[in-house]
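Each chain, letter by letter, is given below.
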Amino acid sequence: MSHEINTVIQNNELILINFKTSSCDPCEMIEPTLQQVKNSIGKRVEIHTFEINQLLLKINQLQIDSLPLLALFANGKLIWKTREVLSKEEIIKKMLEIEP
């Protein structure tokens with residue numbers, strides 16, 4: 001699984017990753033919002049969700065210290081992250097502000 005996340009992050013696209021656990025209610029609340037984001041901006045961003053329970057070796061490397069966590073990567077680099085549950089509009093606005 002950590003190889004898979006490395007492949008995703010190293011992609012040259014804009015990548016939004018939702019780090020979650022199934023026991024985190026706010027994490028589950030984000031899922032429908034991320035689908036709305038994807039429907040609104042289509043191919044401008046890839047959206048992935050990863051269970052942190054399957055990424056135990058990467059938690060420290062990615063500085064995951066609380067959930068929910070949305071992280072935006074561009075060209076393999078972390079460019080933005082938030083632990084807030086944001087609306088579709090807030091996520092899109094932030095992504096458009098920092099889109100490479």
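Conventions used here
- Residues numbered from 1 in each chain as written.
- Predicted model: local features only at pLDDT ≥ 70, side-chain atom pairs only at ≥ 80, totals over all residues.
- Heavy atoms only, no water.
- Helix = DSSP H or I, 4+ residues; strand = E, 2+ residues; numbered from the N terminus.
- Buried < 20%, exposed > 50% of the residue type's maximum accessible area, 1.4 Å probe, protein only.
- Polar contact = N/O pair within 3.5 Å; in protein donor to acceptor, adjacent residues only side chain to side chain.
- Contact = heavy atoms within 4.5 Å.
- Arc of directions from axis to C-beta.
- Pairing = 2+ DSSP bridges.
- Axes fitted to C-alpha atoms, helices over the stretch in contact; angles between N-to-C directions.
- Disulfide = S-S within 2.5 Å.

## Brief notes about the side chain of Lys-20
Thinking step 1. Position of Lys-20 among the secondary structure elements: in strand E1 (residues 14-20).
Thinking step 2. For Lys-20, a relative accessible area of 10% translates into the label buried.
Thinking step 3. A distance of 2.7 Å separates a polar atom in the side chain of Lys-20 from a polar atom in the side chain of Glu-28.
Thinking step 4. Ignoring sequence-local partners within four residues, the contact set of Lys-20 consists of Cys-27, Glu-28, Glu-31, Thr-49, Phe-50, Glu-51, Ile-52 and Leu-67.

## Quick word on helix H3 (residues 88-98)
Thinking step 1. Within the sequence span of H3, burial applies to Ile-91, Ile-92 and Met-95. Down the axis, H3 shows its buried residues gathered within 95 degrees of arc, on one side only. Opposite its buried face, H3 presents the exposed residues Glu-89 and Lys-93, each directed more than 90 degrees away.
Thinking step 2. Summarising the contacts, the buried residues of H3 are in contact with E1, helix H2 (25-41) and strand E3 (69-74).

## Concerning the sheet that holds strand E4 (residues 77-82)
Thinking step 1. What the four strands build is an open sheet, ordered E2-E1-E3-E4; its pairing is mixed. In the strand order of this sheet, the two ends are held by strand E2 (46-51) and E4, each with one partner. Pairwise comparison of adjacent strand axes, ignoring direction, gives a mean angle of 25 degrees for this sheet.
Thinking step 2. Relative to E3, E1 runs antiparallel, the two sharing six bridges. Its bridge partner being in E3, Ile-15 is matched across the sheet by Phe-73.
Thinking step 3. Where H2 meets the sheet, it contacts E1, E2 and E3, and its direction lies at approximately 160 degrees from that of E1.

## Quick word on unusual backbone geometry
Leave glycine aside and you will find that most residues have negative phi; peptide bonds, for their part, are mostly trans.
Thinking step 1. If you check the backbone angles, Asn-75 has positive phi at about 50 degrees while not being a glycine.
Thinking step 2. Within the secondary structure, Asn-75 sits in the loop between E3 and E4.

## Let's talk about the state of the cysteines
Thinking step 1. Applying the stated criterion to the full structure yields one disulfide.
Thinking step 2. Between Cys-24 and Cys-27 runs a disulfide, and the two sulfur atoms are separated by 2.3 Å. When the S-S torsion is 75 degrees, as for the bridge of Cys-24 with Cys-27, the disulfide is right-handed.
Thinking step 3. Assessed through its relative accessible area of 11%, Cys-24 is described here as buried.

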